[in-house]
Amino acid sequence: MTVADREDLPDIMVRLGDGRTLQLPCKRHSRARRIKLSVDERGPRLTLPMRASVRTAERFAQEHVAWLEAQIANLAVDAPEALRAGVTASLPLRGEWLPARWIAGRVNRVTLADGELLFEQRGNSDSAVRRALRDFYEAQARADLAAWLPKYVGALPRQPSRIVLRRMSSQWGSLAPSGVVSLDLSLVLARPSAFEYVLVHELCHLIRADHSPAFWREVQARCPHWRRERTYFHAEGRALKARLRALT
Amino acid sequence: MFFRNLTLFRFPASVSFADIDERLRETALKPVGPLELSSRGFIPPFGNAAEGDDVAYMHQIERSIWLAIGGEDRLLPSAVVNDQLQKKLAEFETRNGRKPGGKMRRQLKDELVTDLLPRAFVRPVRTDALVDLKHHVIAIDTSSKKSAEAVVSQVREALGSFPALPLNAEVATGTLLTGWLAGDALPAGLSLGEECELRDPGDSGAVVKLQGMELSGEEIETHLESGKQVTRLALKLDDHVSFVLGDDLVIRKFKLLDGAVEQLESSDRDDIRAELDARFALMAAEFDRLFAVLEPVLKLSKAG
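Residues numbered from 1 in each chain as written. Chains lettered and ligands numbered in written order. Predicted model: local features only at pLDDT ≥ 70, side-chain atom pairs only at ≥ 80, totals over all residues. Heavy atoms only, no water.

Describe the environment of S30 of chain A, and please don't skip the residues or the numbers.
Topologically, S30 of chain A is positioned in the loop between β2 (21-29) and β3 (36-40). Measuring from C-alpha to C-alpha, the distance between S30 of chain A and R51 of chain A comes to 9.2 Å, with 21 residues separating the pair along the chain. (Helix = DSSP H or I, 4+ residues; strand = E, 2+ residues; numbered from the N terminus.)

Can you lay out the sheet that holds β3 of chain A for me, pointing to particular residues and giving the numbers?
Residues and elements named next belong to chain A. Judged by pairing direction, the sheet is mixed, and its 4 strands sit side by side in the order β1-β2-β4-β3 without closing on themselves. Unpaired on one side and paired on the other, β1 (6-15) and β3 mark the two borders of the sheet. Mean inter-strand twist for the sheet, computed between neighbouring axes without regard to direction, equals 30 degrees. As judged from the 3 bridges shared by β2 and strand β4 (residues 43-48), these two strands associate in the parallel manner. Each residue of the ladder has a partner; that of C26, found in β4, is L46. Helix-sheet contacts for helix α1 (residues 54-63) involve β1, β2, β3 and β4, and the interaxial angle to β1 is about 45 degrees. (Pairing = 2+ DSSP bridges. Axes fitted to C-alpha atoms, helices over the stretch in contact; angles between N-to-C directions. Contact = heavy atoms within 4.5 Å.)

Got a sec to walk through the interface of chain B and chain A? Specific residues and values, please.
On the chain A side, the residues contacting the 30 residues of chain B number 23 residues. Each partner contributes to the roughly 2200 Å² buried at the junction of chain B and chain A, and carbon and sulfur atoms together form 54% of this total. At the surface where chain B touches chain A, the tally comes to 5 salt bridges. One salt bridge in this structure joins E221 of chain B and R122 of chain A, with 2.5 Å as the shortest N-O distance. Along the contact surface separating chain B from chain A lie 8 residue pairs in polar contact (both at pLDDT 80 or more). (Buried area = accessible area lost by both parts, 1.4 Å probe. Salt bridge = Lys/Arg side-chain N within 4 Å of Asp/Glu carboxyl O. Polar contact = N/O pair within 3.5 Å; in protein donor to acceptor, adjacent residues only side chain to side chain.)

From the geometry alone we can't say anything about function, so treat these as descriptive.
In structure tokens:
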């Protein structure tokens, strides 16, 4: 697969039904085959094929303004609350909501003790608080991976060269030809069985680099409940990603 | 031979190094062929012996094994290839009265590389590795992830199977290092050195590097107050080892200090092999001590 070309275009202004204007981010994508208007937890955006004209795209967006408003309204209802230093009273982890307690500390850090998240805060830097939470989530995810990996790596034809946890926009995991496994950090907010399924899925790509029946047999042998986990992601996936984005 | 940087990988306790010398011999470095860009393979850690002598491809002291991966890279700068290619293309155009197509350009380039490769300089490279059988860790003398992964692949090729994974900390390393700089108690034996790097977690990503100064005082407090986080921190283990620990878990600037080196100077050795042997023994012992201190505090995962 080749890397897609992307080009950011100036935002398009769309007139909403109530007379307000909406700034619509717009970009060209080499893999786009038609003009696409989409709305997700990152907001609305317009994607154009390489040769489509901006004027046509503007007309397209304006024709679908009613749909756009409805989608934005739907998303606003489910929008997760952003992290507020000293205020946020509970945080998600491993499919649960845990109480959070804020105290003044030497550094910004989060620790888990007796089912409670203790948030030490220093200074007023919002980005430092968010970073501390992100580092905490990453460490928790690494602890989970350390518990699961020994079960699976021994029987693989080759080992992953590295496991990277990062924020992925739409995928849950991927395997690079170099053997680097990337996993979405929001998996640590999901229930552990779902996180483990994504790990197994990516590790099985070290055996089969496709989604053939043979690949799914490998997944089935290691994770018999994979269909249940996939259904869970279909239902909860978008909310998990949105939650992580709002918090970190 | 003291290692300068340590990139660490962990392997399961079940991995056997029993007949490793034989296996390393089978994957020994072969000279780079005239049409090859590079070659990699194991070399004797003490260097090649005189002709006829049997050389060992590993050196073991107690539970530490010293391996060396050698390589030969042909130096063929792309600027040289492109310059020569332009001349060939111009020659083609003059001769045929037209510009060469894409296929012809590729063919001319391939011919040129085939012609230049045998004449290119060969640069020897070497990376050392320490296999610690007590902690089940392989420490590779490089700070480059790519080079370290290449060494692990080489060991994997020799052993047939080597399920080693990069070191995994179950705590937020950056937060831990920041805490130490801010005044949290350090593990027994560790003390702060005189170097650190702080990074702003915001979009600006501002970086502050401090070297050769005491890591305390108003300046440090100001950076911590603004939310900056430590990405590298110089530490000392007793008066034996100094190093810089990064939030990527790479140990840089690993250096044995006077407290350790004086043990080396007090013994009499007259040949280079005995000297290297003593240095490796000392380094392996200090690494063992350092790992035993870092493992619990960083909650380093076992590989199974």
